[in-house]
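# Structural description and commentary
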There are 2 protein chains.
Amino acid sequence: MTQDDRRRQLVGIGLRMLVERPIQELSVDEVAREAGISRGLLFHYFPNKTAFHDAVVAAAARRVVRNTAPDEGLAPAEAVAQFVARYYGQVDRRRDSYLALVFGSGAVGLGGEHVEGLRLAMAERILAVLDLDGDALPVAHGWTAYVEDRALRWSAVPEGERSRTLEEEVAHCVRALEALLAVR
Amino acid sequence: MTQDDRRRQLVGIGLRMLVERPIQELSVDEVAREAGISRGLLFHYFPNKTAFHDAVVAAAARRVVRNTAPDEGLAPAEAVAQFVARYYGQVDRRRDSYLALVFGSGAVGLGGEHVEGLRLAMAERILAVLDLDGDALPVAHGWTAYVEDRALRWSAVPEGERSRTLEEEVAHCVRALEALLAVR
């Protein structure tokens, strides 16, 4: 394995563990064991535990961006709707891991860097899809926080007890973006 | 001192320290020293370090709610504007501590509980000010996340280099709330 392959393998194991527990409970020993290497060798690839956690959280943020990409070739409004639906699905399927990613990343620093990277990537995607210029970035960026907040509250209620369907939430979020852009 | 007084004193010292550093760097030893008590006695009031951190973060969230309360007797739109202006001021003055509160609270749990308490308190205030019923809660709650996102980005730019004034931001956020409520 090259150094990059090994780093990717270790981060991948960390990512799988992050589905089950918050980042601060991610054990470097377990990760090394699963990779079949010693704890010492892991620290050859990452200078310390914080650096490893940081790489896992960054990868988790990139995964959310990747998993929520709309299909190519959709009309702009459809692409926004598909992004929102996929984003809700992601938060719903991996709520604990998402919470740890957003609100728990302070465990690996002052906090906010990875969330900022995540929101910026999603906001830039929205600008590209809607062919908007940078003036609209604060609105698109803030709107991702709005959608996140709604998705977290919506997914906190067990399926079957939710007062709104996914389709209603998606339709609202699409209208919300239009409404926010109109008062830019 | 009663037990409650002592707990309040210790949390107050923690709050002052939280202005300078993220929660996970809050040293229980330093807090005990400043209060003039032993580390052991501190653990008489809080079962462990996490419980102490948790109490400090909860107090920090309550402080944000208190510091952003609009004056009594304002017209609804003015009250919303004053809340937004005070909220931006709070985030701007204590940006690092706010980041630690929101994105770093995962250090004391799965994350999100204190943020949820903070947003809920602010959203309920908005409903009360505008005399809206609970149907509007998801919009008001999500809007607090939208305002937070904008305030964090705005305050990240040094004063004098910001592309929008505080007044423009406040006016936008007030219009944004109206726009979101209209597409509820």
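Residues numbered from 1 in each chain as written. Chains lettered and ligands numbered in written order. Predicted model: local features only at pLDDT ≥ 70, side-chain atom pairs only at ≥ 80, totals over all residues. Heavy atoms only, no water.

### Description of the domain arrangement of chain A
Looking at chain A, the domain boundaries give domain 1 (3–56) and domain 2 (58–182). The distance between the C-alpha centroids of domain 1 of chain A and domain 2 of chain A comes to 27 Å. (Domains from an automatic or database assignment.)

### Here's the deal with the packing of aromatic side chains
Scanning all chains against the criterion turns up 10 aromatic pairs over all chains. Ring centres 6.0 Å apart and planes at 50° place the aromatic pair A:Phe83 and A:Trp143 in the tilted group. Here A:Trp143 lies in helix H8 (residues 137–156) and A:Phe83 lies in helix H5 (residues 76–93), a separation of 60 residues in the sequence. Take A:Phe83: its relative accessible area is 2%, and that puts it in the buried class. Seen from their ring centres, B:Phe46 and B:Phe52 are 5.1 Å apart, and the 70° between their planes marks the pair as edge-to-face. Overall, the relative accessible area of 1% leaves B:Phe46 in the buried class. Above the ring of A:Trp154, the side-chain terminus of A:Arg162 is found at 4.0 Å from the ring centroid. (Phe/Tyr/Trp six-rings, centres within 6.5 Å; stacked < 30°, edge-to-face > 60°. Helix = DSSP H or I, 4+ residues; strand = E, 2+ residues; numbered from the N terminus. Buried < 20%, exposed > 50% of the residue type's maximum accessible area, 1.4 Å probe, protein only. Lys NZ or Arg CZ within 6 Å of the ring centre and 35° of its normal.)

### A few points about the environment of A:Ala136
Mapped onto the elements of the fold, A:Ala136 is located in the loop between helix H7 (113–130) and H8. In this structure, the C-alpha to C-alpha distance between A:Ala136 and A:Ala123, residues 13 residues apart in sequence, is 9.2 Å.

### A closer look at the UniProt feature "DNA-binding region" (unreviewed entry) in chain A
Taking the numbering used here, the UniProt-annotated feature "DNA-binding region" (unreviewed entry) corresponds to residues 27–46 of chain A. For residues 27–46 of chain A, the helix share is 75%, the strand share is 0%, and the end-to-end C-alpha distance is 14 Å. (UniProt positions renumbered as here; feature names shortened; annotations may be inferred.)

### Remarks on the packing of helix H5 (residues 76–93) of chain B against helix H9 (residues 166–182) of chain B
All names here are of chain B. Two elements in contact, H5 and H9, have axes whose closest approach is 9 Å; the angle formed by their N-to-C orientations is 130°. By the angle between their axes, H5 is oblique relative to H9. The interaxial crossing formed by H5 with H9 has right-handed handedness. Each of Val 80, Ala 81, Val 84, Ala 85 and Tyr 88 in H5 lies in contact with H9, whose residues at this interface are Leu 166, Glu 169, Val 170, Cys 173, Val 174 and Leu 177. (Axes fitted to C-alpha atoms, helices over the stretch in contact; angles between N-to-C directions. Parallel < 35°, antiparallel > 145°, perpendicular 65-115°, else oblique. Left-handed = near helix turned anticlockwise from the far one by under 90°. Contact = heavy atoms within 4.5 Å.)

### As for the state of the cysteines
Two cysteines joined by a covalent bond between their sulfur atoms form a disulfide. The full count for this structure, using the stated rule, is zero disulfides over all chains. This cysteine, A:Cys173, is not joined by any disulfide, and B:Cys173 carries the nearest cysteine sulfur, 18 Å off. B:Cys173 sits in the buried class, given a relative accessible area of 0%. (Disulfide = S-S within 2.5 Å.)

### So, the packing of helix H7 (residues 113–130) of chain B against helix H8 (residues 137–156) of chain B
Residues and elements named next belong to chain B. One way to put it is that H7 packs onto H8 with a least axis distance of 8 Å and a crossing angle of 120°. In the crossing of H7 with H8, the sense of the turn from one axis to the other is right-handed. Facing Glu 116, Arg 119, Leu 120, Met 122, Ala 123, Glu 124, Ile 126 and Leu 127 of H7, the residues of H8 in contact are Leu 137, Ala 140, His 141, Trp 143, Thr 144, Ala 145 and Glu 148. Of the residues belonging to the contact of H7 with H8, the class tally is nine nonpolar, two polar and four charged. (Nonpolar A, V, L, I, M, F, W, Y, C, P; charged D, E, K, R; others polar.)

### Regarding the pattern of salt bridges
The final tally for this structure, using the stated rule, is 20 salt bridges over all chains. Taking the shortest distance from any N to any O, the salt bridge between A:Glu116 and B:Arg153 comes out at 3.4 Å. Of this pair, A:Glu116 sits in helix H7 while B:Arg153 sits in helix H8, which puts the two residues in different chains. Between A:Arg150 and A:Glu169 there is a salt bridge, with its nearest N and O atoms 3.0 Å apart. With A:Arg150 in helix H8 and A:Glu169 in helix H9 (residues 166–182), the pair connects residues that are 19 residues apart, well separated along the chain. The residues A:Arg150 and A:Glu169 share a single accessibility class, namely buried. Several salt bridges converge on common partners, so that one network encompasses A:Arg119, A:Glu148 and B:Asp149. (Salt bridge = Lys/Arg side-chain N within 4 Å of Asp/Glu carboxyl O.)

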